[in-house]
Amino acid sequence: MEFKKLAEILSEIESTTKRLEIVDLISKFFKTVGDEIKYTVYLLQGKVAPDYEGIELGIAEKQVIKVLSVITGKKEDFINQLLIKVGDLGQIAEDLLKEKKQVSLFSEELTITKVYNNLLELANKSGSGSQLRKQQLLQDLLQNADPLEAKYIVRIVLERLRIGLADMTIVDAIAIAFGKKEDADIVERAYNIHPDLAEIAYIAYTRGIDGIKSIKITPGIPVRSMLAERLPSLEEILQKMGGVCSMEYKYDGLRLQAHKIGDKIKLFSRRLEDVTEQFPEIANEIREFVKAETAILDGEAVPYNLDTGEMLPFQAVSQRRGRKYDVYEMAERIPVVVFFFDIIYKNGIDLTMRPYPDRKVELKNSIKEGSLRIRLAKNLIVSRTDDAEKFFNEALEAGCEGIVAKNINENSIYRAGAREYLWIKYKRDYQLEMQDTVDLVVVGAFSGQGRRAGSYGALLMAVYSRQDGTFKTVCKLGSGFTDEQLDNLPRLFQKYILKERDPRVESQMIPDFWIEPHFVLEVKGAEITLSPIHTCCYGLIKEGSGLAIRFPRFTGRWREDKSPEDATTEDEILEMYHSQKKKIIQDNPG
Ligand code: ATP
């Protein structure tokens, strides 16, 4: 199919904020694209492969400007000036091609397949001479593109498509296109255990919803992590668990999903990025100490002093992220221990539908004794609040954040990608005023004044709404930043500043700068209150009011391990608001 049709869809998605309209639009489109569906889904997501493959397009703005200059005959300097003014090379490409008007006699029509193949080849090029070849591949596309096509090709190639299309919107569209609306749950389950929507769409197209049902966990492909709910007291947790549960230490590090496929090891982060190269010593010990031909284990990697047996602050492990070169040196300087708490798959068998106690036995049987760097998470079956409290305090003393309580009844399956009450976390912070910290997404910034002139005075922060894939504002955040952090913010955010509000953001406040949802910050507040200006939970508690976090403060922790869609959700804020009210009543009876 012509790429032009896809460019038109992208443009339509960009111009509406109504999720249902978008679902309708793309589900209809999916029905017409035939076997180009896979490429269509990748391009709609602005990528050429699923995130866990780590394939990056890797072309710089400078190179795109070179190509645009060749095609339009405009000087590179001139395009650079435009970029400073307009801020979006995609828009500039569209405008310049519109000006150019006459179409080259030799231009061929672009198809979705042609665009995808060129981009994939471009992404795979590395090493000497690769920059030139990348430019040629891009030029080959832009030469044949009309203005609208050029806009989106340039944005995709720069990995800045920014149309705000949530994964769950694509899930719904696949269900509607190849089954019915109610099949969205089936598509979502497939996505949770095989997070490649393009592949799922292709299977739905070729084999229908039944085909989707047969998608299985595959070692080497990450499974979306199961997450924990929270409750304000150990007593309530025990009650919710039916009087008895397993409590585990809540280690404070990085979630790590380990895949063993024979001798091959793959490690994935919570965001499902492949982080194998960053933890070579962990990979080695898994190879040596995991007793299975194939296995998928779930755990937390914690910085650890191997001499004293002490856990180190979380920040130490984040220093190891993103470093590709000095990994062995880092492994020595900041040793890491992985505490495994679950097993998802073993020797060809999917264990997700098995209850927690069975999985725990499997896990224990799968790890040989004697490993320094891979261990089992500590746990205890508890049924009394005082035992729970003792265990919680022991966890804190050991350097953990708190505990995660786990349901042990026969329905205690591993729910990939879900945050439910089968797991409930309870942290040290809950004993302070506001229960728990929250992870909020930066969606805007306000110019600073006085000492903060030239930087930002405050950031507009939002939660994520799973229901409609939007970001809703919940507070203005101005405290907790060091001077150095403040000075750095404009540079850090520069690439993400938008001319207009991102279509996924719902806000009544108008900040001085809109910022594309990308950065997730950990925030601690005093309490959650009703607010007429914030859009989080708007109208849910009281007409004309949303919920806001009072006295928010940045804890200093950038949640790089979370994508904006992993941030605290609107539902969680609602839950926290209710349990805060309950606690006030409990603490002040009568
Ligand atoms: P938080 O910010 O509280 O760490 P989160 O949003 O990253 O939470 P949740 O699922 O809400 O993730 O909380 C559980 C997290 O705690 C897991 O993602 C995991 O990284 C970590 N963790 C540490 N120990 C355990 C454990 N024993 N069982 C489950 N998760 C654990």
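Residues numbered from 1 in each chain as written. Predicted model: local features only at pLDDT ≥ 70, side-chain atom pairs only at ≥ 80, totals over all residues. Heavy atoms only, no water.

Undergrad: Go over the overall build of the chain with me, naming the residues and quoting the values.
TA: Looking only at helices and strands, one finds 20 helices and 22 strands in the chain. Rg of the C-alpha trace for the chain: 25 Å, near the compact-globule value of 25 Å for 590 residues, within the 12% margin. Along the longest, intermediate and shortest principal axes, the C-alpha atoms of the chain span 80 × 60 × 50 Å. Counting the 590 residues in the chain, one finds 57% classified as buried. Put simply, 72% of the contacts in the chain that link residues at least 6 apart link residues at least 24 apart. (Helix = DSSP H or I, 4+ residues; strand = E, 2+ residues; numbered from the N terminus. Rg over C-alpha atoms; globule rule 2.2 N^0.38 Å. Buried < 20%, exposed > 50% of the residue type's maximum accessible area, 1.4 Å probe, protein only. Contact = heavy atoms within 4.5 Å.)

Undergrad: With reference to specific residues and values, describe the pattern of salt bridges.
TA: As enumerated under the stated definition, the model contains 43 salt bridges in all. The residue E248 makes a salt bridge to K406 at a minimum N-O spacing of 2.8 Å. Taken together, the residues span a long stretch of sequence, with E248 in strand β2 (residues 245–250) and K406 in strand β11 (residues 402–406) at a distance of 158 residues. Considered together, E248 and K406 belong to a single accessibility category, that of buried residues. Taken together, the shared-partner salt bridges connect E14, D88, E94, K98, K151 and R155 into one network. (Salt bridge = Lys/Arg side-chain N within 4 Å of Asp/Glu carboxyl O.)

Undergrad: Report on the site of the ligand, specifying residues and quantitative values.
TA: The local shell around the ligand holds 19 residues, among which E300, R419, K425, K427 and K562 are the closest. For the ligand, an oxygen atom lies 2.9 Å from a polar atom in the side chain of R255. One nitrogen or oxygen atom from the side chain of K427 is found 2.6 Å from an oxygen atom belonging to the ligand. Burial of the ligand by the surrounding chains reaches 96%, relative to a free accessible area of 590 Å². When atom positions are compared with the pocket grids, the ligand is found to occupy the largest cavity. If you list the elements that add at least two residues to the shell around the ligand, you get β1 (227–230), β2, β11 and β12 (419–427). Looking at which element gives the most residues to the shell around the ligand, the answer is β12, with four residues. Of the residues that constitute the shell around the ligand, the class distribution is seven nonpolar, no polar and twelve charged. The residues that make up the shell around the ligand include at least three from each of domain 2 (227–427) and domain 3 (438–587). (Near = heavy atom within 4 Å. Polar contact = N/O pair within 3.5 Å; in protein donor to acceptor, adjacent residues only side chain to side chain. Areas by Shrake-Rupley, 256 points an atom, 1.4 Å probe, with all protein chains shown as cover. 1 Å grid on protein atoms, 1.4 Å probe; cavity = no way out; pocket = protein on both sides within 12 Å on 5 of 7 lines; lining within 4 Å. Sits in = over half its atoms within 2 Å of the grid points. Nonpolar A, V, L, I, M, F, W, Y, C, P; charged D, E, K, R; others polar. Domains from an automatic or database assignment.)

Undergrad: Explain the sheet that holds β12 residue by residue, including any values.
TA: Taken together, the five strands give an open sheet; going across it, the order is β1-β12-β11-β2-β10, and neighbouring strands pair in mixed fashion. Of all strands in the sheet, those bounded by a partner on one side alone are β1 and β10 (379–382). Averaged over neighbouring strand pairs, the angle between their axes works out to 40° when direction is ignored. Sheet topology note: the β2/β11 ladder contains five bridges and is antiparallel. Each bridged residue has a counterpart across the sheet, and for M247 the counterpart in β11 is A405. Sitting on the sheet, helix α17 (residues 356–366) is in contact with β2, β10 and β11, with an inclination near 50° to β2. (Pairing = 2+ DSSP bridges. Axes fitted to C-alpha atoms, helices over the stretch in contact; angles between N-to-C directions.)

Undergrad: Residues and numbers for helix α2 (residues 19–32), please.
TA: Here α2 spans 20 Å end to end across 14 residues, near enough to the 20 Å set by a 1.5 Å rise per residue. Here α2 has its buried residues at R19, I22, V23, L25, I26, S27, F29 and F30. Buried positions along α2 lie against α1 (3–14), α3 (37–44), α7 (112–124) and α10 (167–178). (Expected span 1.5 Å × (residues − 1).)

Undergrad: Tell me about the pairing of strand β19 (residues 520–524), and please be specific about residues and values.
TA: Strand residues, when the strand is regular, have side chains that alternate between the two faces of the sheet. In terms of residue burial, β19 counts as a mostly covered element, since five of its five residues are buried. On β19, burial covers both faces: V520, E522 and K524 on one face and L521 and V523 on the other are all buried. Bridge count between β19 and strand β22 (residues 553–558): three bridges; the pairing is antiparallel. The partner of V523 across the bridge, within β22, is F554.

Undergrad: So what about the packing of aromatic side chains? Which residues, and what values?
TA: Within the structure shown, the criterion is met by 19 aromatic pairs. Geometrically, the ring pair formed by F493 and F519 is tilted, given 4.8 Å between the ring centres and 45° between the ring planes. Here F493, found in helix α19 (residues 483–493), pairs with F519, found in the loop between β18 (513–515) and β19; they are 26 residues apart in sequence, far enough to count as distant. Here F519 falls in the buried class, since its relative accessible area comes to 11%. The lysine or arginine in question, K240, covers the ring of Y421, its NZ or CZ lying 4.2 Å from the ring centre. Of note, K476 hangs over the ring of F446, and the distance from its end group to the ring centre comes to 4.2 Å. (Phe/Tyr/Trp six-rings, centres within 6.5 Å; stacked < 30°, edge-to-face > 60°. Lys NZ or Arg CZ within 6 Å of the ring centre and 35° of its normal.)

Undergrad: If you had to explain unusual backbone geometry to someone new, which residues and values would you point to?
TA: In this structure, L272 is a non-glycine residue whose phi angle is positive, near 70°. Residue placement: L272 occurs in the loop between β4 (264–268) and α14 (280–289). A relative accessible area of 11% places L272 in the buried class. Located in the positive-phi region is N347, a residue other than glycine, with phi close to 40°. Relative to the assigned elements, N347 resides in the loop between β7 (336–346) and β8 (349–350).

Undergrad: Help me get a handle on the packing of α7 against helix α8 (residues 130–143), residues and values and all.
TA: Packing of α7 against α8 brings their axes to within 9 Å, and their N-to-C directions diverge by 170°. Between α7 and α8, the crossing angle belongs to the class labelled roughly antiparallel. Contact with α7, carried on its side by K114, V115, N118, L119, E121, L122 and A123, involves R133, K134, L137, L138, D140 and L141 of α8 and no other residues of that element. Taken together, the residues of the contact of α7 with α8 break down into seven nonpolar, one polar and five charged. (Parallel < 35°, antiparallel > 145°, perpendicular 65-115°, else oblique.)

Undergrad: Run through the domain arrangement of the chain, naming residues and quoting values.
TA: Each assigned domain of the chain is listed with its residue range as follows: domain 1 (47–157), domain 2 (227–427) and domain 3 (438–587). The gap between the C-alpha centroids of domain 2 and domain 3 is 29 Å. At the interface, 15 residues of domain 2 touch 16 residues of domain 3. Counting each side, the surface lost to burial between domain 2 and domain 3 is near 1,500 Å², with a carbon and sulfur contribution of 39%. Three residues stand out in domain 2 for area buried against domain 3, namely R230, R270 and R271, and they jointly supply 39% of the buried area on that side. Counting every contact that joins domain 2 to domain 3 gives three salt bridges. The salt bridge partner of D252 is R557, with a shortest N-O separation of 3.4 Å. (Buried area = accessible area lost by both parts, 1.4 Å probe.)

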